[in-house]
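Observations on the model geometry
One-letter residues, chain by chain:
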Amino acid sequence: MGDDKRVGIVLVSHSATVAESVAELAKGLAGSGDTVAVAPAGGTRGGDLGTSAELISAAAASVDRGAGVAVLTDLGSAVLTVKTLLAEGDELPERTRLVDAPFVEGAVAAVVTASTGADLAAVEAAAAEAYTYRKT
């Protein structure tokens, strides 16, 4: 950790396996190793499908290095859970943002950009830009 103040990334999925896999994929494709703190927050505390405010808060705290935290989500209720935590004001680290981006492509873009030392706005913009990636 040291003085390395990079943006942290939290990946919120309804499935712990999906969140963990996307985190592994993004870090692997970014070649970021341990330079970017990425935490999955998937499923419920009991291991079921769903979202957990407690898991999201713990993941955000674990990746907070002082440069902000970007949170990407998979589906609707994950978005609502993060929005509720942000509205409460004290459940997530200061400078936490919910990023409107596709989950997998956005996660990769966010991790790649954070690994360069970019600020939170740049990480958010890179992840959001992933909506424009064309596959044809």
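Let me sum up the structure you'll find in this document.

About the thresholds
For every chain, the first residue of its written sequence is number 1, and the numbers climb from 1 along that sequence. Local features in a predicted model are, by the rule used here, given only for residues with pLDDT of at least 70; side-chain atom pairs are given and counted only at 80 or more, and totals for whole chains, interfaces and linings are based on all residues. Water and hydrogen atoms play no part in the side-chain values, which are based on all heavy atoms of the structure. Three exposure classes are used, based on accessible area relative to the maximum for each residue type with a 1.4 Å probe and protein chains only: buried under 20%, partly exposed in between, and exposed over 50%. Helix and strand assignments come from DSSP, with helices taken as H or I runs of at least 4 residues and strands as E runs of at least 2, each series counted from the N terminus. Any two strands with at least two DSSP-identified bridges between them are counted as paired. Residues are treated as being in contact if the distance between any of their heavy atoms lies within 4.5 Å. A fitted line through C-alpha atoms serves as each axis, taken over the contacting stretch for helices, and the angle formed by two N-to-C directions is quoted from 0 to 180°. Residues adjacent in sequence count toward polar contacts only when both atoms are side-chain atoms; beyond that, a polar contact is any pair of N or O atoms within 3.5 Å, and within protein one must be able to donate a hydrogen and the other to accept it. Helices are assigned an expected span. That span is 1.5 Å times one less than the residue count. What the arc measures is the spread of directions leading from the helix axis to the C-beta atoms.

Among the 5 residues in strand 2 (residues 38–42), 4 count as buried, and that is most of the element. Direction of pairing for strand 1 (residues 8–13) relative to strand 2: parallel, over a ladder of 5 bridges. Bridge assignment links Leu11 to a residue of strand 2, and that residue is Pro40.

Relative to the helices and strands, His14 is located in the loop between strand 1 and helix 1 (16–30). Accessibility expressed as a relative area gives 17% for His14, which makes it buried. Beyond its immediate stretch of four places on either side in the chain, His14 contacts Gly43, Asp48, Leu49, Gly50, Thr51, Asp74, Leu75, Ser77 and Ala78.

Attention shifts here to the sheet that holds strand 4 (residues 96–98). One open sheet accounts for 4 strands, arranged 2-1-3-4; its pairing is parallel. This sheet does not close on itself; its edge strands, each paired only once, are strand 2 and strand 4. Strand-to-strand twist of the sheet, defined as the mean angle between neighbouring strand axes without regard to direction, takes the value 20°. Two strands pair when backbone bridges link them, and strand 3 (residues 69–73) and strand 4 are joined in this way by 3 bridges, in the parallel orientation. By the bridge assignment, Val71 is partnered in strand 4 with Leu98. Its contacts with the sheet put helix 1 on strand 1 and strand 2, and the angle it makes with strand 2 is roughly 160°. In the packing of helix 3 (residues 76–88) onto the sheet, contacts are made with strand 1, strand 3 and strand 4, and the angle to strand 4 comes to roughly 150°.

Turning to the environment of Glu105, a few remarks are in order. Within the secondary structure, Glu105 sits in helix 4 (residues 103–115). Residue classification places Glu105 among the partly exposed positions, given a relative accessible area of 24%. Between the C-alpha atom of Glu105 and that of Glu129, which follows or precedes it by 24 residues, the distance is 9.3 Å. Contacts of Glu105, omitting those with residues within four sequence positions, involve Ala130, Tyr133 and Lys135.

All right, on to the side chain of Arg6 then. With respect to the helices and strands, the residue Arg6 is situated in the segment before strand 1. Here the side chain of Arg6 touches Ser115 through a polar contact of 2.5 Å, landing on its backbone oxygen. The contact partners of Arg6, leaving out residues within four places of it in the chain, are Thr35, Arg65, Ala67, Gly68, Ala114, Ser115, Thr116 and Gly117.

Let's shift gears to helix 1. In a regular helix each residue adds 1.5 Å, so 15 residues correspond to 21 Å; helix 1 covers 21 Å between its end C-alpha atoms and thus fits that length. For helix 1, every residue scored as buried is listed here: Ala19, Val22, Ala23, Ala26 and Ala30. Taken end-on, helix 1 shows its buried residues confined to a sector of 100°, consistent with a single buried face. The exposed residues of helix 1 that point more than 90 degrees off its buried face are Thr17, Glu24, Gly28 and Leu29. Those residues of helix 1 that are buried lie in contact with strand 1, strand 2 and helix 4. N-capping of helix 1 is provided by Ser15, with a side-chain oxygen placed 3.3 Å from the backbone N of Thr17.

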